[in-house]
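Understanding the architecture of this molecule
Here is how the chains run, residue by residue.
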Amino acid sequence: MIKVFIPNSLLKEISLIKIEEYWEKGKHYKKETEKTIKGVYLPVSFNTLKNYPQGMITLEDLELKSKEDLEIGSLIVIKNKKWKVIQKRDYDYIADIKFYILRRSDKDDSKTY
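The model shown is predicted, which means the values in this text are computed figures rather than measured ones.

With that out of the way, let us pick up a nonpolar patch on the surface. Where nonpolar side chains cluster on the molecular surface, the patch consists of I2, Y91, Y93 and I94 and spans about 440 Å² of accessible area. Mapped onto the elements, I94 comes out in the loop between β5 (81–90) and β6 (98–104).

Set out below in structure tokens:
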């Protein structure tokens, strides 16, 4: 496996929010924990768009490259906006970097003008 080097000048600190839901004595609780990870985020490229069925991802989505192992559905905070991991590409047999597609999760499309 190749160890990929990402220059520190490109790495950004990104907040990962984990939400744990559990029941205790008949009450439902939600517990949010925040963890800081490092990665590189970019707008989705046209080459990436070609690899997915039409409409699955858009130019409004983001690509995240990181060495952290995230789950699909994880919430990420970038510039005070919440993004959700909707796709994961992991080529761990080749390199130690993982590729994710993020979609804005706090966007309200009902208020279009």
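Read on for the rest.
Here the focus is the side chain of E63. Among the structural elements, E63 can be located in strand β3 (residues 62–66). Judged by its relative accessible area of 7%, E63 falls in the buried class. Reaching out from E63, the side chain makes a polar contact with the side chain of T48 at a distance of 3.2 Å. Of note is the side chain of E63, whose polar atom sits 3.4 Å from the side chain of K65. Setting aside chain neighbours within four positions, we find E63 in contact with V40, Y41, L42, P43, V44, S45, T48, R89, Y100 and I101.

Take the pairing of β3 next. Of all five residues in β3, five are buried, a share of seventy percent or more. Because side chains alternate across β3, one face comprises the buried residues L62, L64 and S66, and the other comprises E63 and K65, equally buried. Pairing analysis gives five bridges linking strand β2 (residues 27–43) to β3, with the strands arranged antiparallel. Across the sheet, residue P43 finds its bridge partner in β3, namely L62. Where β3 meets β6, five bridges bridge the pair, whose relative direction is antiparallel. Following the sheet pairing, K65 is matched in β6 by F99.

To continue, consider the pattern of salt bridges. Pairing is possible between side chains of opposite charge, provided their charged atoms come close. Considering all chains together, one arrives at six salt bridges under this definition. One salt bridge in this structure joins E68 and K35, with 3.6 Å as the shortest N-O distance. Here K35 lies in strand β2 and E68 lies in the loop between β3 and β4 (75–78), a separation of 33 residues in the sequence. A relative accessible area of 30% means that E68 is categorised as partly exposed. Given the relative accessible area of 42%, K35 is considered partly exposed. Look at the salt bridges and you will find they share partners, linking E63, K65 and R89 into a network.

The subject of this paragraph is unusual backbone geometry. Across the chain, the bulk of peptide bonds are trans and the bulk of non-glycine residues have phi less than zero. Positive phi is not limited to glycine here, since K79 has a value of about 50 degrees. Given a relative accessible area of 68%, K79 falls into the exposed group. If you check the backbone angles, N80 has positive phi at about 60 degrees while not being a glycine. Among the secondary structure elements, N80 is positioned in the loop between β4 and β5.

With that settled, consider the confidence of the model for the protein. This prediction gives the protein a mean pLDDT of 85; 93% of its residues lie at or above 70. Within the protein, the lowest mean pLDDT, 83, falls on helix α1 (residues 46–50), and the highest, 93, falls on β3.

Each value, and the rule that gives it
- Residues numbered from 1 in each chain as written.
- Predicted model: local features only at pLDDT ≥ 70, side-chain atom pairs only at ≥ 80, totals over all residues.
- Heavy atoms only, no water.
- Patch = residues over 30% accessible without salt bridge, like charges linked within 9 Å, V, L, I, M, F, W, Y side chains within 5 Å.
- Areas by Shrake-Rupley, 256 points an atom, 1.4 Å probe, with all protein chains shown as cover.
- Salt bridge = Lys/Arg side-chain N within 4 Å of Asp/Glu carboxyl O.
- Helix = DSSP H or I, 4+ residues; strand = E, 2+ residues; numbered from the N terminus.
- Buried < 20%, exposed > 50% of the residue type's maximum accessible area, 1.4 Å probe, protein only.
- Polar contact = N/O pair within 3.5 Å; in protein donor to acceptor, adjacent residues only side chain to side chain.
- Contact = heavy atoms within 4.5 Å.
- Pairing = 2+ DSSP bridges.
- pLDDT = per-residue confidence, 0-100.

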